[in-house]
Amino acid sequence: MDRQSETALALPDVVIDSASGNDHHFDYLHFPQDITNPVLPTDDKDTGRLSNLLLAYKTLGVVFGGLVTSPLYVYPSMHLNSPTEEDYLGIYSIMFWTLTLIGVVKYACIALKADDHGEGGTFALYSLLCRKVNIRILSSKHSDLNSSQSHPVLNEDTKGKSRLGKLFERSIVARRVLLFIAMLGTCMLIGDGILTPAISVLSAMDGLRAPFPSISKSLVETLSAVVLFVLFLLQKFGTSRVSFLFSPIMGAWTLSTPLVGIYSIIHHYPSIFKALSPHYIIHFFLRNGKEGWLMLGGTILCITGSEALFADLGYFNRSSIQIAFLFTIYPSLVLTYAGQTAYLIKNPNDHMDGFYKFIPKAIYWPIFIIATLAAIVASQSLISATFSVIKQSVVLDYFPRVKVVHTSSNKEGEVYSPEVNYILMVFCVAVILIFGDGQDIGNAFGVVVSLVMFITTILLTLVMIIIWRTPPLLVALYFIIFFTMEGVYVSAVLTKIPEGGWIPFAISFILAFIMFGWYYGRQRKIEYELTHKIDLGRLGMLLSDPSVQRVPGLCFFYTNIQNGLTPILGHYIKNMRSLHKVTIFTTLRYLLVSKVAAQERIVVKKLGLKGVYACVIQYGYADYLNLEGDDFVSHVMDSLRMHIENCSGSLPSDPQLVEEEISELREAKMAGVIHVRGKARFHIDKNTSLFDRFMLPFYEVLHNNCRSALPTLAVPVPQRLEVGMFYDA
């Protein structure tokens, strides 16, 4: 993969613009607001029918693996004691309506419409709320952009906003709670990315033990770990290639299991579909009471992987996911569970191996092979979703910067992170080898699935009220149905915490602590920088001091404050008593678009002070800028020369002065180039609060171990200079 594509999410001095393609004008130190057409046209995701059908086919290998392979472990995860025919009919009715309401209505018909620049998932919902309504508590790069971007919602009169939106704008507590909910949902989905591969592959490989009783449980666990190890090694080749390999496997699984289900229905219990009547659910709970409620901890697994349907939206498009789910995945699951239940009604004590027992012996081995391969695909589903969620968190500055590689030049959401990939691999293998019992992993899985869905329901409700302005009656109907339904599921799975459910809580707590520590440190850093930023007037005063010398050379001074300059600049000038004769304040600006037009990639501006310029480097996720070392300097110098010449053509000026200015640029470059980047630390003293004494050093540990900007631009090491400064905590 090219260096630039890896750079996009690994830069500390980057302004990330989440505006739409037509709103990328800005005001960087009084930059002109008339920049037009900064982005090249990108391919519309809503393409033709044939393209959508092809994408729908590919989604089978990436999006739906976890959902459609859930029959492997749903019944084995239930704690059933002498189940009767009525019990099985009630369980199937619960699963059918869970799939219908949560899968079809909530995710396929509602959630997929709540995308943020084509991205899905809990953090995408949070980003959408922050972008459309002024309820953000993001870093300055987002706050500063508010003053220069054209967001229609932000510019509306407050009378047009909903009362709930006004509440969030006024209350910092409400905004923090909203942030916590989004963080928790993100961390839970990452936990889902760890547990899905573990339980799917382990459940599939467990099919070896029925025909070969001599195979031990530990051998099955080892084989499962090896399969996952190989799968994670394949991630670097990209999702498109992976889906090309996996979609035929998933298609075979999606077609074969409902056919087996139909055979089982005809052979064992043809009247199974009478259980579609909701009254079987009522009778199930009346008959089983508390035990029936506890069984929901296993039943919830029938919808596992549905969050990936939403979180993987950035990899495909809405139409392709809807087509694949409504016309293949949903019917397949309904028929497969019907066939499993029909078999178990006639063989009630086989529920601990509820999948492989209902497979006819004549096709056992073909189904076993397909099941094992499908379990691998299921793992891919949540791995891809985890990459997508991590990328969103990094873009929003809520997660330490990691290497994110864009594996497609056409889709911004198609990414791969080596660090995240290998951490997931270690956790997945550890879960299998340490908690090899499928029921323990199933208990943990139920906690993750229910909580992620519950959080998505809350955020979707806010989107309906604040952004979509959905009629109150429809919002109330949606909220009551799904909040109640998923709330009951959550209450049931929380009882499984001592039985393995603590695993995702431990993982989520660690991740949430990292996210909060990073976020808190960034907030404190940005707060200080905005308070002490250097404007042009202050810079002019500093340079007018007779003791400050203008030394020969060309300096690129990196800053991420869009409406001013970093306070490290003032610290540098005061202590060094100098500034290079030509100093270019440089901001790297990552746009959430495919490509930036060549003439708009490097935008420069004279700042009114002798030898002082501003430069903004704009690029999209599919750009090939080749900004490496001397090439980068040459590009900027050429842009500056053209800018100076153009300014002289539009305004009365002395040609001799223009030539002198261009000559000074050449001389400065010949004298030497240096790239200056600030590195701030917090000064902890006896007056610092106990909370800050713990959180700020933790942030600095995270900051010191994440990726930086200058190495990704291939700046030669001798030309790099870091200027340290202590910020008051």
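Counting from 1, residues in each chain are numbered in the order their sequence is written. Per-residue local features of the predicted model are confined to residues with pLDDT of at least 70, and side-chain atom pairs are confined, for both listing and counting, to 80 or more; whole-chain, interface and lining totals are unaffected and use all residues. The side-chain quantities take in all heavy atoms of the structure and omit both hydrogens and water.

**Q** What should I look at first to understand the environment of Tyr-520 in this one?
**A** The numbering of helices and of strands both runs from the N terminus, where a helix is a DSSP run of H or I of at least 4 residues and a strand a run of E of at least 2. With respect to the helices, strands and loops of the structure, Tyr-520 is situated in helix α19 (residues 502-531). By relative accessible area, which is 17% here, Tyr-520 ends up buried. For the pair Tyr-520 and Tyr-398, spaced 122 residues apart in the sequence, the C-alpha separation amounts to 9.0 Å. Buried means the residue's accessible area, taken with a 1.4 Å probe over protein chains only, is under 20% of the maximum for its type, while exposed means over 50%, and partly exposed covers the values in between.

**Q** Help me understand the pairing of strand β6 (residues 602-606), please; the structure alone is not making it clear to me.
**A** Remark: a regular strand shows side chains that alternate across the two faces of the sheet. Two strands are said to pair when DSSP picks up at least two bridges between them. Strand direction decides the pairing type here: β6 and strand β7 (residues 612-619), joined by 5 bridges, are antiparallel. The partner of Lys-605 across the bridge, within β7, is Ala-614. What sits between β6 and β7 in their antiparallel hairpin is a turn of 5 residues, with Gly-608 showing a positive phi close to 90°.

**Q** I would appreciate a short explanation of the confidence of the model for the chain in the present structure.
**A** If pLDDT is low for a region, its predicted coordinates should not be looked at in detail. pLDDT expresses how confident the predictor is about each individual residue, on a scale running from 0 to 100. Scored by pLDDT, the chain comes out at a mean of 80, with 83% of its residues at no less than 70. The least confident element of the chain, judged by mean pLDDT, is helix α6 (residues 140-146) at 38; the most confident is helix α4 (residues 85-110) at 95. In this model, residues 18-46 is a region of pLDDT below 50 whose contacts with residues beyond four sequence positions or in other chains number 91 contacts. Contacts for the low-pLDDT stretch residues 138-159, under 50 throughout, to residues beyond four places or in other chains number 57 contacts. The contact criterion used is simple: two residues touch if any of their non-hydrogen atoms lie within 4.5 Å.

**Q** Quick question: what am I supposed to make of the pairing of β7 here?
**A** Within β7, 8 of the 8 residues are buried, which leaves the element mostly enclosed by the surrounding structure. As paired elements, strand β5 (residues 578-591) and β7 share 8 bridges and run parallel to each other. Across the sheet, Thr-587 pairs through a bridge with Val-616, a residue of β7.

**Q** Would you mind showing me how to read the side chain of Glu-486 here?
**A** With respect to the helices and strands, Glu-486 occurs in helix α18 (residues 472-493). Residue Glu-486 is classed as buried on the basis of its relative accessible area of 0%. Here a polar contact is taken to be a pair of N or O atoms separated by no more than 3.5 Å, where protein atoms must pair a possible hydrogen donor with a possible acceptor and residues adjacent in sequence count only if both atoms sit in side chains. Within the local environment of Glu-486, its side chain forms a polar contact with the side chain of Lys-106, the two groups lying 2.8 Å apart. For Glu-486, the contacting residues outside a window of four places in its chain are Ile-102, Lys-106, Met-453, Phe-454 and Thr-457.

**Q** For this particular structure, what's the right way to read the nonpolar core?
**A** Most often, soluble globular proteins keep nonpolar side chains buried together rather than apart. Residues belong to a common nonpolar core when they are buried Ala, Val, Leu, Ile, Met, Phe, Trp, Tyr or Cys residues joined through side-chain atoms within 4.5 Å. By size, the foremost hydrophobic cluster in this structure holds 157 residues, and its most contacted members are Phe-64, Leu-72, Met-95, Trp-253, Ile-303, Phe-325 and Phe-355. Not counting the four nearest positions on each side in its chain, Trp-253 is found in contact with Val-68, Thr-69, Leu-72, Pro-258, Phe-355, Ile-370, Ala-371 and Ala-374. Counting residues in hydrophobic clusters, the runner-up holds 34 residues, among them Val-548, Ile-568, Leu-607 and Ile-674.

**Q** Looking at this structure, I do not really get unusual backbone geometry. What am I missing?
**A** The phi angle of most residues is negative, glycine excepted, and most peptide bonds adopt the trans form. Backbone geometry places Ser-82, a non-glycine residue, at a positive phi of 50°. Relative to the helices and strands, Ser-82 is located in the loop between α3 (65-68) and α4. Within the chain, Arg-469 stands out as a residue other than glycine whose phi angle is a positive 55°. Mapped onto the secondary structure, Arg-469 falls in the loop between α17 (438-468) and α18. On the basis of relative accessible area, Arg-469 is assigned to the partly exposed category, the value being 41%.

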